[in-house]
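One letter stands for each residue in the lines below.
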Amino acid sequence: MKTAGTYDHYFKYDEITAILQKYAQEHPDYARLSSIGTTPEGRQIWLIEITDLSCGSFEDKPGFGVTANIHAGEVLGNASAMYFLDTVFSNLQEEPVRTLLEKNTIYCVPRISPDGSELYLTTAAQIRSVPRMYPFEQPMPGLQAEDLDGDGVIRQMRVKSVNGAFKICPEDPRIMIRRLPDDTDGDFYDVYSEGTILEYEENSEIRNAPGLWGNDLNRNFPISWNTENKQRGAGSYALSNPESAAMAKFFDEHRNLCTVLHFHTMGGQYLFPPGFQSGKLAEQDDMKIYRAIGKMATEETGYPCWNVSDEYHGSLPGEILGLMDDFCYYGMGLLNYTCECWDLDKKAGFDYICPNREKTDDEMLDQLKKRLKWLDEHNNGEGFKNWTEFDHPQLGKVEIGGFDYKGVVQNAPSSMIASEVEKHTRFLLREMKTLPHLMFRNTSVKPVGEQHFRIETTLLNSSFLPTYVTKEAMKNGKAEEITAVLEGAEVIEGKAKQKLGHLNGYWYRGSYGWGLGGTTVMGTPLEKKLSWVVEGKKGDTVTICASCPKAGKAEETVVL
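To keep things clear, this report deals only with the structure shown in the data block. (Residues numbered from 1 in each chain as written. Predicted model: local features only at pLDDT ≥ 70, side-chain atom pairs only at ≥ 80, totals over all residues. Heavy atoms only, no water.)

## A few points about the overall build of the chain
And then number 1: On a plain count of helices and strands, the chain comes out with 13 helices and 26 strands.
And then number 2: Judged by the C-alpha coordinates and their principal axes, the chain covers about 105 × 55 × 45 Å.
And then number 3: Within the chain, the proportion of its 560 residues that are buried is 53%.
And then number 4: Counting only contacts in the chain whose residues sit at least 6 apart along the sequence, the fraction spanning at least 24 positions is 74%.
And then number 5: Side chains of the chain carry 59 positive and 81 negative charges; the gap between the two charge centres is 6 Å. (Helix = DSSP H or I, 4+ residues; strand = E, 2+ residues; numbered from the N terminus. Buried < 20%, exposed > 50% of the residue type's maximum accessible area, 1.4 Å probe, protein only. Contact = heavy atoms within 4.5 Å. Lys, Arg positive; Asp, Glu negative; His and termini not counted. Charge placed at Lys NZ, Arg CZ, Asp CG, Glu CD.)

## As for the pairing of strand β24 (residues 527-535)
And then number 1: Here nine bridges tie strand β18 (residues 452-461) to β24, and the two strands are oriented antiparallel to one another. Of the residues in β24, the one forming a bridge with Phe453 is Val534.
And then number 2: Pairing analysis gives three bridges linking strand β20 (residues 490-493) to β24, with the strands arranged antiparallel. Bridging from a neighbouring strand, Val491 pairs with Val534 of β24. (Pairing = 2+ DSSP bridges.)

## Examining the packing of helix α2 (residues 75-90) against helix α12 (residues 417-432)
And then number 1: At a minimum axis separation of 8 Å, α2 and α12 run at an interaxial angle of 60°. One finds that α2 runs oblique with respect to α12. Relative to α12, the crossing made by α2 is right-handed. Every residue of α12 that contacts α2 at Leu76, Ala79, Ser80, Tyr83, Phe84 and Thr87 is listed here: Ile417, Glu420, Val421, Glu422, His424, Thr425, Leu428, Leu429 and Met432.
And then number 2: Split by residue class, the contact of α2 with α12 holds nine nonpolar, four polar and two charged. (Axes fitted to C-alpha atoms, helices over the stretch in contact; angles between N-to-C directions. Parallel < 35°, antiparallel > 145°, perpendicular 65-115°, else oblique. Left-handed = near helix turned anticlockwise from the far one by under 90°. Nonpolar A, V, L, I, M, F, W, Y, C, P; charged D, E, K, R; others polar.)

## Description of the sheet that holds β24
And then number 1: Judged by pairing direction, the sheet is antiparallel, and its four strands sit side by side in the order β17-β18-β24-β20 without closing on themselves. Looking at which strands have only one partner, the edges of the open sheet turn out to be β17 (438-447) and β20. For this sheet, the mean angle separating the axes of adjacent strands, direction not counted, is 35°.

## Some details on the pattern of salt bridges
And then number 1: Scanning the model with the defined rule gives 44 salt bridges in all.
And then number 2: Residue Asp252 pairs with Lys478 through a salt bridge whose shortest N-O separation is 3.2 Å. Within this pair, whereas Asp252 is found in helix α5 (residues 242-253), its partner Lys478 is found in the loop between α13 (471-475) and β19 (482-487), the two being separated by 226 residues in sequence.
And then number 3: For Arg291, the salt bridge identified is with Glu311, shortest N-O distance 3.3 Å. Residue Arg291 is found in helix α6 (residues 284-301), and its partner Glu311 is found in helix α7 (residues 308-313); the two are separated by 20 residues along the sequence.
And then number 4: Residue classification places Glu311 among the buried residues on the basis of a relative accessible area of 17%. (Salt bridge = Lys/Arg side-chain N within 4 Å of Asp/Glu carboxyl O.)

## Brief notes about unusual backbone geometry
And then number 1: Going from Tyr134 to Pro135, the amide bond is cis rather than trans, its omega being 0°.
And then number 2: Relative to the elements of secondary structure, Pro135 occurs in the loop between α4 (114-122) and β5 (142-145).
And then number 3: A cis amide bond links Thr265 to the next residue, Met266, at an omega of 15°.
And then number 4: In this structure, Met266 sits in the loop between β11 (257-265) and β12 (269-272).
And then number 5: In the Ramachandran plot, Asn442 falls in the positive-phi region, its phi being about 55° despite a non-glycine side chain.

## Considerations on the state of the cysteines
And then number 1: One pass over the full model with this rule turns up zero disulfides.
And then number 2: Of the cysteine sulfurs around Cys305, a residue in no disulfide, the closest is that of Cys339, at 10.0 Å.
And then number 3: Here Cys305 falls in the buried class, since its relative accessible area comes to 13%. (Disulfide = S-S within 2.5 Å.)

## Looking at the environment of Thr87
And then number 1: Mapped onto the elements, Thr87 comes out in helix α2.
And then number 2: Note on Thr87: relative accessible area 2%, which makes it buried.
And then number 3: In sequence terms Thr87 and Val97 are ten residues apart; their C-alpha atoms lie 8.6 Å from each other.
And then number 4: Excluding residues within four positions of it along the chain, Thr87 makes contact with Met1, Lys2, Thr3, Val97 and Thr425.

## Considering the sheet that holds strand β13 (residues 305-307)
Hydrogen bonds between backbone atoms are what pair the strands of a sheet, whose relative direction is either parallel or antiparallel.
And then number 1: On the basis of which strands lie adjacent, the open sheet formed by eight strands has the order β1-β2-β4-β3-β11-β14-β12-β13 and mixed pairing. If you trace the sheet from one side to the other, it starts and ends with β1 (31-38) and β13, each paired once. Neighbour-to-neighbour, the strand axes of the sheet open up by a mean angle of 20°, direction not taken into account.
And then number 2: Where strand β3 (residues 63-68) lies against β11, six bridges are found, and the strand directions are parallel.

## Details of the packing of aromatic side chains
And then number 1: In total, this model carries 18 aromatic pairs according to the counting rule given.
And then number 2: With 6.1 Å between their ring centres and 50° between their planes, Tyr270 and Tyr303 make a pair best called tilted. On the criterion of sequence distance, the pair formed by Tyr270 in strand β12 and Tyr303 in the loop between α6 and β13 is long-range, its members being 33 residues apart. Exposure class is identical for Tyr270 and Tyr303. Each is buried. (Phe/Tyr/Trp six-rings, centres within 6.5 Å; stacked < 30°, edge-to-face > 60°.)

## Quick look at the environment of Tyr13
And then number 1: Take Tyr13: it is sitting in helix α1 (residues 13-26).
And then number 2: Separated by 100 residues in the primary sequence, Tyr13 and Ser113 have C-alpha atoms spaced 10.0 Å apart.
And then number 3: Apart from the residues within four sequence positions on either side, Tyr13 is in contact with Arg43, Gln44, Trp46, Arg111, Pro114 and Glu118.
And then number 4: Polar contacts involving the side chain of Tyr13 include one to the main-chain amide nitrogen of Gln44, which spans 2.9 Å. (Polar contact = N/O pair within 3.5 Å; in protein donor to acceptor, adjacent residues only side chain to side chain.)

## What to know about α6
And then number 1: With 18 residues, α6 extends 25 Å between its outermost C-alpha atoms, agreeing within 8% with the 26 Å of an ideal straight helix rising 1.5 Å per residue.
And then number 2: Looking at α6, one finds that the buried residues are Asp285, Asp286, Met287, Ile289, Tyr290, Ile293, Gly294, Met296, Ala297, Glu300 and Thr301.
And then number 3: As for α6, its buried residues are in contact with β12, β13, α8 (324-331), β14 (335-341), α12 and α13.
And then number 4: Positioned one or two residues after α6, Gly302 has a phi angle of 85°, which is positive. (Expected span 1.5 Å × (residues − 1).)

## Looking at the pairing of β11
And then number 1: Of all nine residues that make up β11, nine are buried, and the element is covered over most of its length.
And then number 2: In terms of strand pairing, β11 meets β14 through seven bridges, oriented parallel. Looking at β14, one finds that Thr265 is bridged to Cys341.

Have a look at this one:
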């Protein structure tokens, strides 16, 4: 599909702002730009809403959410969100965008942490979420990461030591491997982050200092939140950060939201909740829907779709607490995925390990070899700097080298941004088609007397997802039921306004033997018959409306 932008670099705040403002100014019949919050450094957390306003308001249609950059350094995620917006605005009159915007509303927050991403893109620093001191109010003693050689990248230092834990790999001198128990001859090294040591003492052990900016916005949400000693990056209390608080308020205020896709990096997976407990403890109907839609993500991107707890986290130690994903699902009842964009290892031929676990030494060596081979063959060797002598102000002669983590490991090289982000838009456009959609069919009017008429119709949910979206939304009260209203005549039989409960989606209509022709297995109803007897005059106009925040509005006009 058409796009208008150039995707050969990562966007800073001012460029994102200008692009979003242009969309809103040039397409007032489709777009509305607003801010859901202001950061401590004065930047706006932009929200752009998109729908075909000639077919209904933003709020009257099912909502489809896209977010990015809750982790400041995962800027390929922002590029993926911006490419999606570009595709939508470049194809407003083309299919499938035209029809999707007639039926649905897109909500996109393309950069949740603009302060953090600006630091990440304008300095050599690596940062998780926001540039605010936490959990300590000042730098702590130990090794502080720093770009000492001035090449714009914080790499690694190797320092010769009799008791060093590493040695140079004999197959590739760029690689450092673990020293074996019987290694007694040769040169040995300790390997650290490039940087200097605060409160350095000669001949003392070098320890990494805690990072300056330890907040992790994606550990700051109320569902399963716990303190810093239980979950690193948790924040002082749930929603203690203005960025995470703004997102929680956004989710809560937009009752029509059905699904959300959160763009992250890295690793090349689509992930779904829960993260703080096993998926076996969640609503199993919801888990089936997650896997069915996730299969489409795999078809379009090649990324596997995993449950966070059971497969992505697997047997790794500890839990993942305070996730925005779990807040969206358990707190808001939303179907939501995290996309971990960019898969250097998969591109290099190092296969996924599922369920996840600690890699063996042999696996780690194989991973490094394949990464380097791929960079040599597909990125002109860029992304790794050979070990180079450097006169360290505290340690004397050291060597600095290693991967450009920000440029090739965490995010795609600039030359590959466009090819990486396009495939996610293909999935998003497919996923939007799954949102619930109300419609009337077989509507009829029959006279039952001189001034009395019987109106009959069938209300249908024509889409894959149910009108409640998730069973979890039903449990936590976030799934408002369908309301039907008849106006324009006095109702003699039936109710002018009535609650109808919910309609399932066709996901539930399983089948067996489909390879031999197939037989549909009926489940919870997808439609409901409605009937009224009204009093009026022949030729009067009567309007029937059915609405539900997550399934939109259906309206039918009949003449008596």
